[in-house]
Amino acid sequence: MSELPSPRNGPIEGTSRVLRELLRTPDFKKTIKILINELDSENAGLLVRTFFWEDPEFFISLLGAAPSLVNAVVEGTREFSAQMLSFPPRLLAGFMRGIIDDIDAESIGQTAGNMLVLHSRLNSLEDGELSGAAARFLEGVGKGFKRSLGEGNETASIVEGLAGSIRTFAKDNPEFMRDVIVPLAQAGRDALAIAEKSKDDS
């Protein structure tokens, strides 16, 4: 088995070294559990508004670090999901039920809607460089998605299960399907047709 490359020194790498030692301390773990149980997630919006309106210039300067922050969150989530694959399915199912029950689904939906509105406003600018960056981003997402699924029977099983989940969701949420998913699906079919035509012309 090949060894993992040595991590680059930095704040996150340093934090992981400190955390490794702290996790060996029972009192630290007890304190973290207390903090998590008392976490007032409903006030996250208040924190963002305070950052934004108290000093907009500082807030905008922080946005320059957004790619690094997003990459850190994505990498952490990727590793988390990879480690979760080692859990026994039944144990994982019980764990996920607890998480799903406690997640604010409505806020996720509103966030997704806000991002779609933002995308629409940016798309109306017809900025070629932005479109190119978005295309490269989606290409990278596609490559990573394909790499995670791999090939063979498991991929077919995953697709079949996803299709079943979509059918169930469509049955339970007809208005959302009609107003959101159907237009997006049509756009997807149009994009596939364009891609196939470009492939044939090349």
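The model shown is predicted, which means the values in this text are computed figures rather than measured ones. (Residues numbered from 1 in each chain as written. Predicted model: local features only at pLDDT ≥ 70, side-chain atom pairs only at ≥ 80, totals over all residues. Heavy atoms only, no water.)

Trainee: Let's hear about the overall build of the chain: which residues, and what values?
Mentor: The helix and strand tally for the chain stands at 10 helices and 0 strands. Overall, the chain shows an N-to-C arrangement of helices and strands of α-α-α-α-α-α-α-α-α-α. Relative to its length of 202 residues, the chain is extended, with a C-alpha radius of gyration of 22 Å against a globular reference of 17 Å. On the principal axes, the C-alpha backbone points of the chain span a range of 65 × 50 × 40 Å. Here the chain, with 202 residues, has 3% of them falling under the buried criterion. A total accessible area of about 18,200 Å² is found for the chain, and carbon and sulfur atoms account for 63% of it. Charge centroids of the chain, computed over 22 positive and 30 negative side chains, lie 6 Å from each other. (Helix = DSSP H or I, 4+ residues; strand = E, 2+ residues; numbered from the N terminus. Rg over C-alpha atoms; globule rule 2.2 N^0.38 Å. Buried < 20%, exposed > 50% of the residue type's maximum accessible area, 1.4 Å probe, protein only. Areas by Shrake-Rupley, 256 points an atom, 1.4 Å probe, with all protein chains shown as cover. Lys, Arg positive; Asp, Glu negative; His and termini not counted. Charge placed at Lys NZ, Arg CZ, Asp CG, Glu CD.)

Trainee: How would you explain the pattern of salt bridges if you had to name every residue and give the values?
Mentor: Evaluated as defined, the whole model comprises 6 salt bridges. Among the ionic pairs, Arg17 bridges to Glu13, the shortest N-O distance being 2.7 Å. Here the residue Arg17 and the residue Glu13 both occupy positions in helix α1 (residues 11-22), the gap between them amounting to 4 residues, near one helical turn. Its relative accessible area of 45% is what places Arg17 among the partly exposed residues. (Salt bridge = Lys/Arg side-chain N within 4 Å of Asp/Glu carboxyl O.)

Trainee: How would you explain a nonpolar patch on the surface if you had to name every residue and give the values?
Mentor: On the surface, a cluster of nonpolar side chains totalling about 630 Å² of accessible area is made up of Phe80, Phe95, Met96, Ile99, Ile100, Ile103 and Ile108. It is helix α6 (residues 89-102) that contributes the most residues to the nonpolar patch, 4 residues altogether. Locating Met96 in the fold gives a position in helix α6. (Patch = residues over 30% accessible without salt bridge, like charges linked within 9 Å, V, L, I, M, F, W, Y side chains within 5 Å.)

Trainee: How would you sum up the packing of aromatic side chains? Please name residues and give values.
Mentor: Enumeration over the complete set of coordinates arrives at 4 aromatic pairs. Considering the side-chain rings of Phe52 and Trp53, the 4.7 Å spacing of their centres and the 75 degrees angle between planes classify their relative orientation as edge-to-face. Residue Phe52 is classed as partly exposed on the basis of its relative accessible area, which comes to 29%. Ring centres 5.1 Å apart and planes at 70 degrees place the aromatic pair Phe52 and Phe59 in the edge-to-face group. Ring-pair connections join several aromatic residues into one group, and the members of that group are Phe52, Trp53 and Phe59. (Phe/Tyr/Trp six-rings, centres within 6.5 Å; stacked < 30°, edge-to-face > 60°.)

Trainee: Give me the lowdown on unusual backbone geometry, citing residues and values where you can.
Mentor: Non-glycine residue Glu126 carries a positive phi angle of around 55 degrees. In this fold, Glu126 is placed in the loop between α7 (105-123) and α8 (128-149). A residue is classified by how much of its surface remains accessible, and Glu126, at 70% relative accessible area, is exposed.

Trainee: Provide a residue-level description of the side chain of Glu13, including the pertinent values.
Mentor: The exposure class assigned to Glu13 is buried, which follows from its relative accessible area of 13%. At 2.7 Å, the side chain of Glu13 and the side chain of Arg17 are in polar contact. (Polar contact = N/O pair within 3.5 Å; in protein donor to acceptor, adjacent residues only side chain to side chain.)

Trainee: Run through the environment of Thr15, naming residues and quoting values.
Mentor: Note that Thr15 resides in helix α1. Residues Thr15 and Gly150, spaced 135 residues apart in sequence, show a C-alpha to C-alpha distance of 33 Å. Here Pro11 takes part through its backbone oxygen, which lies 2.7 Å from a polar atom of the side chain of Thr15.

Read these as geometric descriptors, not functional statements.
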